[in-house]
Amino acid sequence: MTLSDAQLIEATIDFVKTELQHAEGGHDWFHIERVYKNTLLIAKHENVDLTIVSLAALLHDIADSKFHNGDETIGPRVASTFLLKHNVDSEIIEHVTQIIENMSFKNSFDLNPSFSSKEMEVVQDADRLDAIGAIGIARCFNYGGFKDRPLYNPEIPPNLNMTKAEYKAASAPTINHFYEKLLLLKDQMHTKTGKQISLERHKYMEGFLKQFYAEWEGKK
């Protein structure tokens, strides 16, 4: 039986909630829900296929490689299997899985991206918005705690010239991640809406870091 678009989205939401019920707090269903909402907000102002961006947003972290020994093939495979089961058009499945394969920040290290689309830009902006601002800070430290990383070590400076392999293998203190990723995202936004929202969230992170260092040094 072929589902309507609304039924397919509901089925996808139910699937993701089940799959991610035990996920790390920064990559759980609530992260997916926020990215989905961001996607719908951004898509209002862009000429994109709403079904494709919705499915890609909902399935983008269905099996994040960080939690699967670095295997980047599992997420697209799980997503594809789910969509095939629900008789989704092959072109839609291909587009959604391509977005999932290519939207991660780590792929920004590739000089010649293998795939791009307006739909991917929308979902990518939506996902990156959830990596900055107040929630981005909370997610960053939650993941750092999950990986048992120190908050900060003044003797370990951020690596501002990482390769993709170095980024994937990084285990530096959590504060370093602000300089190695989070503070870079504002200038990597594609859409007008993404750029506008990122400005305030970026400024919030800068204020947080200023306060963090002041407290660290006993100045406040």
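For the structure itself, consult the block above.
Notes on the structure follow.

### Quick word on the packing of aromatic side chains
In this structure the tally under the stated criterion is 11 aromatic pairs. Their ring planes at 25° and their centres at 6.1 Å tell us that Y143 and F146 sit as a pair that is stacked. You can see Y143 and its partner F146 sitting in helix 7 (residues 133-146), 3 residues apart, about one turn around the helix. On the basis of relative accessible area, F146 is assigned to the partly exposed category, the value being 49%.

### Some details on helix 2 (residues 29-43)
Count 3.6 residues to each turn of an α-helix, and residues three or four apart come out pointing the same way. When the terminal C-alpha atoms of helix 2 are compared, their 21 Å separation across 15 residues agrees well with the 21 Å that a helix rising 1.5 Å per residue should span. When helix 2 is considered as a whole, its buried residues turn out to be W29, H31, I32, V35, Y36, N38, T39, I42 and A43. Residues of helix 2 that are buried in the fold lie against helix 1 (5-19), helix 3 (50-59), helix 6 (118-129), helix 7 and helix 10 (192-216). Here helix 2 starts with a cap whose side-chain oxygen sits 3.2 Å from the backbone nitrogen of F30, and that cap is D28.

### Here's the deal with helix 7
For helix 7, built from 14 residues, the straight-helix expectation of 20 Å at 1.5 Å per residue is met to within 8% by its first-to-last C-alpha distance of 20 Å. Of the positions making up helix 7, those classed as buried are G133, G136, I137, R139, C140, F141, Y143 and G144. The elements touched by buried residues of helix 7 are helix 2, helix 9 (174-180) and helix 10.

### Side note on the pattern of salt bridges
Throughout the structure, instances matching the rule amount to 5 salt bridges. D130 serves as the salt-bridge partner of R139, at 3.6 Å between the closest nitrogen and oxygen. Judged on exposure class, the residue R139 and its partner D130 are both buried. Residue K186 pairs with D187 through a salt bridge whose shortest N-O separation is 3.0 Å. A relative accessible area of 22% means that K186 is categorised as partly exposed. Given a relative accessible area of 62%, D187 falls into the exposed group. By sharing partners, the salt bridges in this structure join R34, D130 and R139 into a single network.

### Quick look at unusual backbone geometry
We note that N87 has phi near 55°; this positive angle belongs to a residue other than glycine. Residue placement: N87 occurs in the loop between helix 4 (74-85) and helix 5 (90-102). Since its relative accessible area comes to 43%, N87 is described here as partly exposed. Its identity is not glycine, yet D148 carries a phi of approximately 60°, on the positive side. With respect to the helices, strands and loops of the structure, D148 is situated in the loop between helix 7 and helix 8 (164-169). In this structure D148 comes out as exposed when scored by relative accessible area, which is 70%.

Definitions and cut-offs
- Residues numbered from 1 in each chain as written.
- Predicted model: local features only at pLDDT ≥ 70, side-chain atom pairs only at ≥ 80, totals over all residues.
- Heavy atoms only, no water.
- Phe/Tyr/Trp six-rings, centres within 6.5 Å; stacked < 30°, edge-to-face > 60°.
- Helix = DSSP H or I, 4+ residues; strand = E, 2+ residues; numbered from the N terminus.
- Buried < 20%, exposed > 50% of the residue type's maximum accessible area, 1.4 Å probe, protein only.
- Expected span 1.5 Å × (residues − 1).
- Contact = heavy atoms within 4.5 Å.
- Polar contact = N/O pair within 3.5 Å; in protein donor to acceptor, adjacent residues only side chain to side chain.
- Salt bridge = Lys/Arg side-chain N within 4 Å of Asp/Glu carboxyl O.

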